[in-house]
Amino acid sequence: MESRCENCIIRQFNSLRAMSKEELKKVSDSKTTKTVKKGEPLFEEGDKLNGVYCVRNGVSKLSKLSANGKDQIVKLATKGEVLGQRSVISQESTNLSAIAVDDMEVCFIPKESINNTLQKNPNFTLEVLRHMAHDLKEADDVIVNISQKTVKQRMAEAFLYLKNNFGEDEDGFLSLTLSREDISNVVGTATESAIRIISEFKKKGLIHTSGKKIGIKDERKLLEMVEGF
């Protein structure tokens, strides 16, 4: 289970790729690898973080609790993503919770390793900025989607997103199985509405389901719906 950052291919997906051999060695010596079971939190909204989490395996939902007590899922973070970077660098409490959607393997990197490298290695600083800028852009897209698209459009978009980012299994179902509640939290609607729209999509032949599993049947129609045709 334990592996060295220097030999880890996952770092190619994140800002750690800009670290020197020496810096990676230091990170590797200080990190700890842990397993997070499905449904368990990596951290909760408002926590003070002593480091960042690099995802080796599995998927985590990053969500924010709204005033009405409902979670809004802002992002699904997968292999290679670094979680908690913003809080560690800004020295603020986390503004999101990170909960495992399936069993995860993560490496915890103490903040000292990150902060020391930020001060000494401009390439690493630039990479971190790039990743944060990308996250900001994604957050902007979420805001625009929620304010300008209908719930049905967002639902169609969510299914296409799950297919494009996580793929399908051999039976043609989406590989990442989310609960109906999670789907509603991605889309930003009540769970009852999500359930109603799923059965409507099914009747129209856009998707097929089996228990919790959902598969895409008519990708073109879903795309047209997203684009407002």
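Residues numbered from 1 in each chain as written. Predicted model: local features only at pLDDT ≥ 70, side-chain atom pairs only at ≥ 80, totals over all residues. Heavy atoms only, no water.

Engineer: What is the right way to look at the overall build of the protein in this model?
Structural biologist: For the protein, the helix and strand inventory stands at eight helices and 10 strands. Against the globule reference of 17 Å for 229 residues, the protein gives a C-alpha radius of gyration of 19 Å, in line with a compact fold. The buried share among the 229 residues of the protein stands at 44%. The contacts of the protein with a sequence gap of at least 6 include a subset with a gap of at least 24, amounting to 70%. (Helix = DSSP H or I, 4+ residues; strand = E, 2+ residues; numbered from the N terminus. Rg over C-alpha atoms; globule rule 2.2 N^0.38 Å. Buried < 20%, exposed > 50% of the residue type's maximum accessible area, 1.4 Å probe, protein only. Contact = heavy atoms within 4.5 Å.)

Engineer: Explanation requested: the UniProt feature "domain: HTH crp-type" (unreviewed entry) in the protein in the structure shown.
Structural biologist: According to UniProt, the positions carrying the feature "domain: HTH crp-type" (unreviewed entry) are residues 149-220. Between the first and last C-alpha atoms of residues 149-220 the distance is 18 Å; the span itself is 54% helix and 11% strand. (UniProt positions renumbered as here; feature names shortened; annotations may be inferred.)

Engineer: Help me understand the nonpolar core, please; the structure alone is not making it clear to me.
Structural biologist: Side chains that are nonpolar tend, in soluble globular proteins, to be buried together. Grouped together as the largest cluster of nonpolar side chains are 33 residues, with contacts concentrated most on Leu 42, Phe 43, Tyr 53, Leu 83, Met 104, Ile 109 and Phe 124. No other element matches strand 8 (residues 104-110), which puts five residues into this core. Residues contacting Phe 124, with those up to four places away along its chain left out, are Ser 15, Leu 16, Ala 18, Met 19, Ile 114, Thr 117 and Leu 118. Ranked by size, the runner-up nonpolar core spans 27 residues in total, among them Leu 76, Met 155, Ala 194 and Met 225. (Core = buried A, V, L, I, M, F, W, Y, C linked by side-chain atoms within 4.5 Å.)

Engineer: Would you mind showing me how to read the environment of Ala 139 here?
Structural biologist: Counting through the fold element by element, Ala 139 comes out in helix 4 (residues 122-148). Residue Ala 139 is classed as partly exposed on the basis of its relative accessible area of 27%. As for Ala 139 and Val 36, which are separated by 103 residues in sequence, their C-alpha atoms are 25 Å apart.

Engineer: So what exactly am I meant to see when it comes to the packing of aromatic side chains here?
Structural biologist: Taken as a whole, this structure holds four aromatic pairs when the rule is applied. Ring pairing ties together the aromatic residues Phe 43, Tyr 53 and Phe 108, which thus form one cluster. (Phe/Tyr/Trp six-rings, centres within 6.5 Å; stacked < 30°, edge-to-face > 60°.)

Engineer: Got a minute to help me understand unusual backbone geometry in this structure?
Structural biologist: Leaving glycine aside, a negative phi is the common case for residues, and trans is the common case for peptide bonds. Of note, the phi angle at Gln 91 is positive, near 55°, even though the residue is not glycine. Among the structural elements, Gln 91 can be located in the loop between helix 2 (85-90) and strand 7 (97-100). We classify Gln 91 as exposed; its relative accessible area is 62%.

Engineer: Mind showing me how you'd approach the side chain of Gln 72 here?
Structural biologist: Position of Gln 72 relative to the elements: it lies in strand 5 (residues 71-77). Among the polar contacts listed, one links the side chain of Gln 72 to the backbone oxygen of Val 186, at a separation of 3.3 Å. Those residues in contact with Gln 72 that sit more than four places away from it in its chain are Leu 62, Ser 63, Lys 64, Ile 146, Asn 185, Val 186 and Gly 188. (Polar contact = N/O pair within 3.5 Å; in protein donor to acceptor, adjacent residues only side chain to side chain.)

Engineer: Is there a simple way to think about helix 5 (residues 151-166) in this case?
Structural biologist: Think of an α-helix as turning once every 3.6 residues; residues three or four places apart then point the same way. Given a rise of 1.5 Å per residue, 16 residues ought to cover 22 Å, and the 22 Å separating the end C-alpha atoms of helix 5 matches this to within 8%. Along helix 5, the residues classified as buried are Gln 153, Arg 154, Met 155, Ala 156, Ala 158, Phe 159, Leu 160, Leu 162 and Phe 166. Remark: Gly 167 follows helix 5 within two positions and exhibits a positive phi of approximately 80°. (Expected span 1.5 Å × (residues − 1).)

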